Amino acid sequence: MKLPPAPLVRRFQRRLLAWYATHGRDLPWRRTRHPYRVLVSEIMLQQTQVDRVIPKYRQFLRRYPTIHDLARARVEDVRRLWYPLGYNIRPVRLHTIARETVARYGGHLPDDAAALRRLPGIGRYTAGAVLSFAYDRDAAVLDTNVRRVLGRVFLGPRRLARVRGERVFWDLAEALLPRGRGYDFNQALMDFGATWCTPRKPKCPSCPMKGFCATVASLSAPGVPCRS
Ligand code: SF4
């Protein structure tokens, strides 16, 4: 896929970061750069809404404040604490990651993508999130919110319908990342998708992207919510 031209990339970056400065959410895992805490939040946020994660994230870190505490715990206890979040493979994987990180890396989560992805349950998204949010690297992230925003702004419904697989979205996420601003940009993109360019009620009429959004441009009545 042809990537967006540089002026459009810069415009999107500027507008998204300006939007984030006003509308970004204050979330507990944004008050830390500690790799273990970032990892806990990212695993919890897989499949679970932010408002349900917040109290459990705090409770979990009170019980297991370090990766060594988690590695020493019994997996049954970790599962029990996690239980209200469902999807019980996640606490088991997190517990295994803790044990492997302590055994192989002395308790320090690796700061390179290949080593992170060798740990159980860490895919390209989670590796990118740890690198970006804990190690301040310009690594791309792609979750459902990010995918929706990129698809709407840069592809539009017709091109989106022809897209197969994730590669197009990863290429876009990497091409758009402003060097040295990966942390804010990724957080902004996720917030924008979660609270503004939402699946059912995107706020197109007051959106800072509406002047160049491919989805709005494709609609006969600009501002009509899109479902892509
Ligand atoms: S104009 Fe609408 S569809 Fe486009 S990015 Fe904004 S909210 Fe999303």
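Residues numbered from 1 in each chain as written. Predicted model: local features only at pLDDT ≥ 70, side-chain atom pairs only at ≥ 80, totals over all residues.

> Residues and numbers for the site of the ligand, please.
Near the ligand lie 14 residues; those nearest to it are Cys197, Pro202, Cys204, Cys207 and Cys213. When contributions to the shell around the ligand are tallied by element, the ones reaching two or more residues are α9 (144-162) and α12 (214-218). Looking at the shell around the ligand residue by residue, the class counts come to 10 nonpolar, 1 polar and 3 charged. (Near = placed C-beta within 6 Å. Helix = DSSP H or I, 4+ residues; strand = E, 2+ residues; numbered from the N terminus. Nonpolar A, V, L, I, M, F, W, Y, C, P; charged D, E, K, R; others polar.)

> Just give me the short version of the environment of Ala161, but keep the residues and values in it.
One can find Ala161 in helix α9. In this structure Ala161 comes out as exposed when scored by C-beta crowding, with 9 C-beta atoms within 10 Å. A sequence separation of 10 residues divides Ala161 from Gly151, and the C-alpha atoms of the two residues are 9.9 Å apart. (Buried ≥ 20, exposed ≤ 12 C-beta atoms within 10 Å, placed from the backbone.)

> Give me the domain arrangement of the protein: which residues, what numbers.
Structurally, the protein comprises domain 1 (6-25 + 140-218) and domain 2 (34-133). The straight-line distance from the C-alpha centre of domain 1 to that of domain 2 is 27 Å. Taken together, the contact pairs 7 residues of domain 1 with 5 residues of domain 2. Residue composition of the side of domain 1 that touches domain 2, grouped by class: 4 nonpolar, 2 polar and 1 charged. (Domains from an automatic or database assignment. Contact = placed C-beta atoms within 7 Å.)

> Kindly report on the environment of Trp196, identifying the contributing residues and their values.
On the secondary structure map, Trp196 appears in the loop between α11 (182-195) and α12. The exposure class assigned to Trp196 is partly exposed, which follows from the 19 C-beta atoms found within 10 Å. It is 21 Å that separates the C-alpha atoms of Trp196 and Ala129, two residues lying 67 residues apart in sequence. Discounting chain neighbours no more than four positions away, the residues touching Trp196 are His23, Lys203 and Cys207.

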